[in-house]
Amino acid sequence: MLFQRLALPFLGLVLLTAGCAMPGESSAQEPATLEQPSVIPKPVYMERGEGHFRLARGTVIHADITMPSVQGTAEFLKRKLDSATGYDLPLQPWSNRSEAEGSILLSVNADTAAFGGAEGYSLEVSPERIEIEAPSSAGLFYGVQTLLQLMPGQIYRTDYTLVPADTEWRVPAVSVRDHPRFEYRGMHLDVARHFFPVEFVKRYIDLLAMHKMNRFHWHLTEDQGWRIEIEQYPRLTSVGAWRDSTLVGHAGSGIWDGERYGGFYTQEEVREVVEYARERHITVIPEIEMPGHASAALAAYPELGCVEGKDYQVKTTWGVFEDIYCPSEQTFTFLENVLDEVMELFPSEYIHIGGDEAPKAQWEESELAQQVMAREGLETEEELQSYFIRRIEQYLNGNGRQIIGWDEILEGGLAPNATVMSWRGTEGGIAAARQGNKVVMTPVSHSYLDYYQAPRGSEPLAIGGFNTLRNVYSFEPVPEELTEEEAGYVMGAQANVWTEYMHTGEKVEYMAWPRAAAMAEVVWSPAGRRNWTDFWRRLQPHFERFDVLGVNAAEHYRGRLPEFEN
Ligand code: TNX
């Protein structure tokens with residue numbers, strides 16, 4: 001059905017004559033069917049073989065449990081297959097290949113280099129068996145994700161009674177060799193402008209895992225709300241997590257909803273999310289913003305600001321605000337105590353410390369800030385921000401962690417070990433790489449999923465900008481200006497979902513998908529394997545997966561290219 005919707009207007013008779021080409025190399029002329037595997041992100045190498053493997057009630061999953069974490073991946077696969085098929089597939093320790101007829105094998109092979117790195121895998125499907133081999137449980141997990149995408153979209157059902165009775169659990173014979181291009185494959189979610197419950201966050205993480213992304217950047221603090229429980233500072237959430245009203249229209253619209261709004265994650269919930277992500281090979285990177293975007297914290301603890309007696313408020317509008325932390329010892333003690341609890345909750349090596357959009361007016365006026373500058377021999381307020389960030393970096397480094405921050409942390413001098421998230425363009429990233437600091441590319445031009453994805457007239461309200469699916473797909477994270485050595489500092493890229501104009505999970509999904517799938521391919525697949533038309537073709541069965549999962553993906557590119565592309 002979908003096949004026809006997609007194929008007929010575009011492919012016409014070509015359909016009838018399309019032969020059995022190599023799927024990995026298939027051109028836009030071929031229809032997307034199960035015979036033509038449609039895996040996103042596109043594997044490094046995939047070749048179609050003869051015939052199919054049929055999953056049946058008695059199919060055994062054999063897992064090499066010499067590596068304990070493999071058991072988790074095997075159980076993940078079993079849960080997925082069981083819930084869609086209604087089977088209860090036996091899960092057994094790996095024995096040897098000859099006994100594995102008719103089964104699915106997950107095996108570990110320590111030869112990392114043979115798989116193109118620790119996250120690589122190979123997947124062999126023949127009518128007799130399925131074998132996924134990898135040097136790590138992460139690699140096996142990615143092999144499992146590919147396997148699921150080789151199956152009918154119904155495999156994503158969590159309730160098998162909803163699966164059409166005539167669904168055949170066939171897997172086309174293929175040979176896949178695959179590994180990621182970048183080590184950092186990120187998606188961000190701002191839960192501060194609007195708050196999303198744990199169930200939604202887990203669903204979001206599931207989608208990242210499906211696309212082989214491995215970093216979830218959780219933007220937890222903002223002017224408009226502080227969203228993480230900190231035991232030592234209860235007012236951060238009793239006061240800082242709540243605002244009196246929310247701007248509904250665009251800035252300048254003057255339309256507020258007049259409703260108290262808020263919410264936060266308890267530490268127990270945070271642990272739950274971190275563990276859920278870990279099981280899916282995703283590291284959660286928490287962001288605690290400083291020195292700017294701090295209004296909610298200042299509303300809770302005004303003594304951390306520079307303006308004595310000011311009635312700081314959790315903000316009800318969007319934008320950049322002058323209320324920032326004062327660089328006092330009291331503030332550093334506060335932030336260190338907050339970070340102690342954050343480090344306890346998040347095993348991530350990286351802690352994101354924000355650093356963006358911190359206007360310096362209050363520091364210019366503040367006697368205390370000026371004294372710190374004099375004491376430290378700093379000439380500008382930008383240098384004072386650098387001093388601020390360096391101190392925090394020292395503290396985190398002392399605890400075995402690394403900082404990552406928005407590209408403003410370059411101004412006034414970069415902290416020695418900092419990793420830069422380049423958002424205002426790629427320039428910040430280029431500068432950082434040239435200084436020998438690591439970089440994650442996330443420029444507004446291609447990575448902002450809060451921007452309009454189609455011409456405004458027909459779209460729900462968004463913050464602005466214009467960033468189509470095709471534009472995201474065209475992103476190249478390594479700028480031409482960099483030498484090969486400098487390019488080595490580009491760890492990867494990330495797409496950002498700022499939620500000023502997303503007050504429901506459905507809206508988040510509408511903005512994120514399928515654009516995040518395009519970003520997933522940018523960060524996973526070899527640059528030379530990327531092809532827009534081919535991606536668009538593979539996207540069609542992917543929409544069916546979104547349907548099954550109940551994901552509210554935007555459908556501008558479903559079945560046809562949108563008019564604004566012509
Ligand atoms: C800039 S990206 C911001 C966010 C906004 C976003 C809206 C960055 C570091 N700061 O605070 O939500 O623009 O597109």
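Q: Please set out the state of the cysteines residue by residue, giving values where relevant.
A: Taken as a whole and judged by the stated rule, the model has 1 disulfide. Put simply, Cys306 and Cys326 are joined by a disulfide, and their sulfur atoms are 2.0 Å apart. A torsion of 90 degrees about the S-S bond marks the disulfide between Cys306 and Cys326 as right-handed. Residue Cys306 is found in the loop between α8 (295-300) and α9 (329-345), and its partner Cys326 is found in the loop between α8 and α9; the two are separated by 20 residues along the sequence.

Q: An account of the site of the ligand is requested, with residue identities and associated values reported.
A: Looking at the ligand, the residues that line it are Arg193, His293, Asp356, Glu357, Trp406, Trp423, Tyr448, Asp450, Tyr451, Ile463, Trp498 and Glu500. Here an oxygen atom of the ligand and a side-chain polar atom of Arg193 are 2.8 Å apart. A distance of 3.3 Å separates a nitrogen atom of the ligand from a polar side-chain atom of Glu357. Computed on the free molecule, the ligand has an accessible area of 360 Å², of which 93% lies beneath the protein chains in the complex. Here the residues of the shell around the ligand sort into 6 nonpolar, 1 polar and 5 charged.

Q: I'd like to hear about the pattern of salt bridges, residue by residue, with values.
A: Proximity of charged atoms lets side chains of opposite charge pair with each other. In the structure shown here, the tally under the stated rule is 31 salt bridges. When the shortest N-O distance is used, the salt bridge between Glu376 and Arg375 registers 2.8 Å. Classification of Glu376 as partly exposed rests on a relative accessible area of 35%. In this structure, Arg470 engages Glu565 in a salt bridge whose closest nitrogen and oxygen atoms are separated by 3.5 Å.

Q: Tell me about unusual backbone geometry, and name the residues and values.
A: Among all residues except glycine, the phi angle is most often negative; among peptide bonds, the trans geometry is most common. Of the consecutive residues Ile40 and Pro41, the connecting peptide bond is found in the cis state with omega at -5 degrees. Its location among the elements puts Pro41 in the loop between α2 (14-17) and β1 (45-54). The omega torsion across Met290 and Pro291 is -10 degrees, close enough to zero to call that bond cis. For Pro291, the position within the fold is in the loop between β14 (283-290) and α8.

Q: Residues and numbers for the sheet that holds β14, please.
A: One key point about sheets: their strands pair by backbone hydrogen bonds, in either a parallel or an antiparallel sense. Around the barrel, 8 strands lie side by side as β8-β9-β14-β15-β16-β17-β18-β21; this closed barrel has parallel pairing. Averaged over all pairs of adjacent strands, the angle between strand axes in this sheet comes to 30 degrees, irrespective of strand direction.

Q: How would you summarise the side chain of Thr246 if you had to cite specific residues and measurements?
A: Relative to the elements of secondary structure, Thr246 occurs in the loop between β12 (242-243) and β13 (261-262). Classification of Thr246 by relative accessible area gives buried; the value is 5%.

Q: I'd like to hear about the packing of aromatic side chains, residue by residue, with values.
A: In this description, an aromatic ring pair is defined by two values, namely the gap between the centres and the angle between the planes. In total, this model carries 28 aromatic pairs according to the counting rule given. For the pair Tyr448 and Tyr451, a centre-to-centre distance of 5.6 Å together with 55 degrees between the ring planes defines the contact as tilted. Taking 6.0 Å as the distance between ring centres and 55 degrees as the angle between the ring planes, the aromatic pair formed by Tyr473 and Trp532 counts as tilted. In this pair, Tyr473 sits in helix α15 (residues 469-473) while Trp532 sits in helix α19 (residues 532-549), placing the two residues 59 residues apart along the sequence. The burial state of Tyr473 is the same as that of Trp532; both residues are buried. Positioned above the aromatic ring of Tyr276 is the side chain of Arg280, whose terminal nitrogen or guanidinium carbon lies 3.6 Å from the ring centre.

Q: Let's hear about helix α12 (residues 381-398): which residues, and what values?
A: Between its terminal C-alpha atoms α12 stretches 26 Å, which fits the 26 Å expected from 18 residues at 1.5 Å a residue. The complete set of buried residues in α12 reads Glu381, Leu384, Gln385, Ser386, Tyr387, Phe388, Ile389, Ile392, Glu393 and Leu396. Downstream of α12 by one or two residues, Gly400 has phi in the positive range, about 80 degrees.

Q: If you had to explain the sheet that holds strand β2 (residues 61-63) to someone new, which residues and values would you point to?
A: Ordered by their spatial adjacency, 7 strands build an open sheet running β1-β7-β5-β6-β4-β2-β3, and the pairing between neighbours is mixed. The open sheet terminates on both sides in strands that have one partner only, identified here as β1 and β3 (91-93). Neighbouring strand axes in the sheet, compared pairwise and without regard to direction, differ in orientation by 20 degrees on average. Pairing of strand β4 (residues 104-108) with strand β6 (residues 130-134) involves 5 bridges; the strand directions are parallel. By the bridge assignment, Leu106 is partnered in β6 with Ile132. The strands touched by helix α4 (residues 137-150) within the sheet are β1, β4, β5 (121-125), β6 and β7 (170-178), with β5 carrying the most contacts at an inclination of about 35 degrees.

Q: Mind laying out α19, listing which residues take part and the relevant values?
A: Residue pairs spaced three or four apart in an α-helix point in one direction, given the helix's 3.6 residues per turn. Taking 1.5 Å of rise per residue, 18 residues should cover 26 Å, and α19 covers 24 Å from first to last C-alpha, within 8% of that figure. Of all the bends in α19, the greatest reaches close to 35 degrees and is centred on Gln540; the proline Pro541 follows between one and four positions later. Counting buried positions over the 18 residues of α19 gives 14, a clear majority of the element. Its side-chain oxygen placed 3.0 Å from the backbone nitrogen of Thr533, Asn531 serves as the N-cap of α19. Just beyond α19, the residue with positive phi is Gly550, at close to 70 degrees.

Here is what the cut-offs are and how they apply
Residues numbered from 1 in each chain as written. Predicted model: local features only at pLDDT ≥ 70, side-chain atom pairs only at ≥ 80, totals over all residues. Heavy atoms only, no water. Disulfide = S-S within 2.5 Å. Helix = DSSP H or I, 4+ residues; strand = E, 2+ residues; numbered from the N terminus. Near = heavy atom within 4 Å. Polar contact = N/O pair within 3.5 Å; in protein donor to acceptor, adjacent residues only side chain to side chain. Areas by Shrake-Rupley, 256 points an atom, 1.4 Å probe, with all protein chains shown as cover. Nonpolar A, V, L, I, M, F, W, Y, C, P; charged D, E, K, R; others polar. Salt bridge = Lys/Arg side-chain N within 4 Å of Asp/Glu carboxyl O. Buried < 20%, exposed > 50% of the residue type's maximum accessible area, 1.4 Å probe, protein only. Pairing = 2+ DSSP bridges. Axes fitted to C-alpha atoms, helices over the stretch in contact; angles between N-to-C directions. Phe/Tyr/Trp six-rings, centres within 6.5 Å; stacked < 30°, edge-to-face > 60°. Lys NZ or Arg CZ within 6 Å of the ring centre and 35° of its normal. Expected span 1.5 Å × (residues − 1). Contact = heavy atoms within 4.5 Å. Bend = angle between axes of the 7 residues up to and from the residue.

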